[in-house]
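Observations on chain architecture
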Amino acid sequence: MLVYEHSSADTIETIQYVLRAGLIKNPKQVCALFPLHDGLEELAAFQTILPSGSASADIGFVCASDIHDRAFEWVREQVLQGRPIREIQEALDEGEAWESL
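Below you will find a few notes about this structure. (Residues numbered from 1 in each chain as written. Predicted model: local features only at pLDDT ≥ 70, side-chain atom pairs only at ≥ 80, totals over all residues. Heavy atoms only, no water.)

**Focus on helix H4 (residues 85-94)**
Think of an α-helix as 3.6 residues a turn; residues three or four steps apart then line up on the same face. Of the residues making up H4, those classed as buried are Ile 88, Ala 91 and Leu 92. Axial view of H4: buried residues confined to an arc of 100 degrees, hence all on one face. Opposite the buried face of H4, by more than 90 degrees, sit the exposed residues Arg 86, Asp 93 and Glu 94. Of the surrounding secondary structure, the elements contacted by the buried residues of H4 are helix H3 (64-80) and helix H5 (96-99). Positioned one or two residues after H4, Gly 95 has a phi angle of 95 degrees, which is positive. (Buried < 20%, exposed > 50% of the residue type's maximum accessible area, 1.4 Å probe, protein only. Helix = DSSP H or I, 4+ residues; strand = E, 2+ residues; numbered from the N terminus. Arc of directions from axis to C-beta. Contact = heavy atoms within 4.5 Å.)

In C-alpha cells, the structure reads:
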C-alpha cells in the first residue's frame, strides 16, 4: 500500500492508523511517499514503537523530491546530449526515462 498525504505528518498518521487498525498486517506491505525528507525522522520514531517481531524496520519509503531530482537530471542529460525535446517528451511518456532512474 502506497501512502501519500498532503504532509509528511499526515502520511505518518495514516500509516499508524492502517497498521493499528489491522488493515495491513505486515509493515513490509506499506510504503510511505513523502513530499520532502522531513518525514523520515518521524517514520523512524514510529517504527520503534511497533511491536517487536512486526518487521517494523521494513516500512518502505520514498521521497518525491528525490524522484523529481532524478527525473530532472535525466532530462538535463538528454538536452546536453542534443536529443530533441519531442523525443525527450516521448521517452518520458513511454517510460524509457523511468527505466534508468
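The rest of the description comes next.
**Topic: the environment of Asp 58**
Position of Asp 58 among the secondary structure elements: in the loop between helix H2 (40-49) and strand S3 (60-63). Taking relative accessible area as the criterion, Asp 58 reaches 35% and is therefore assigned partly exposed. A sequence separation of 27 residues divides Asp 58 from Cys 31, and the C-alpha atoms of the two residues are 9.0 Å apart.

**Looking at the sheet that holds strand S2 (residues 31-34)**
Hydrogen bonding along the main chain pairs the strands of a sheet, whether they run parallel or antiparallel. Pairing in this open sheet of 3 strands is parallel, and the strands run S1-S2-S3 from one edge to the other. Every interior strand has two partners, whereas the edge strands, strand S1 (2-3) and S3, have only one. Set on the sheet, helix H1 (residues 8-20) makes contact with S1 and S2; between it and S2 the angle comes to about 165 degrees. Here H3 sits on the sheet in contact with S2 and S3, set at roughly 50 degrees to S3. (Pairing = 2+ DSSP bridges. Axes fitted to C-alpha atoms, helices over the stretch in contact; angles between N-to-C directions.)

**Looking at the pattern of salt bridges**
If you walk through the whole model with that rule in mind, you get 2 salt bridges. Note that Arg 83 is salt-bridged to Glu 87, the shortest N-O span being 3.5 Å. The residue Arg 83 makes a salt bridge to Glu 96 at a minimum N-O spacing of 3.1 Å. Remark: Glu 96 occurs in helix H5 and Arg 83 occurs in the loop between H3 and H4; sequence separation between them is 13 residues. Classification of Glu 96 by relative accessible area gives partly exposed; the value is 39%. Several salt bridges share partner residues, and in doing so they unite Arg 83, Glu 87 and Glu 96 into one network. (Salt bridge = Lys/Arg side-chain N within 4 Å of Asp/Glu carboxyl O.)

**Considerations on H1**
Between the first and last C-alpha of H1 there are 18 Å, a value that for 13 residues agrees with the 18 Å anticipated at 1.5 Å per step. Those residues of H1 lying buried are Ser 8, Thr 11, Ile 12, Ile 15, Val 18 and Leu 19. Down the axis of H1, the smallest arc covering the buried residues is 125 degrees, so these residues share one side. Residues Glu 13, Tyr 17 and Arg 20 are exposed on H1 and point more than 90 degrees away from its buried face. Directly beyond the C-terminal end of H1, a positive phi value near 80 degrees is found at Gly 22. (Expected span 1.5 Å × (residues − 1).)

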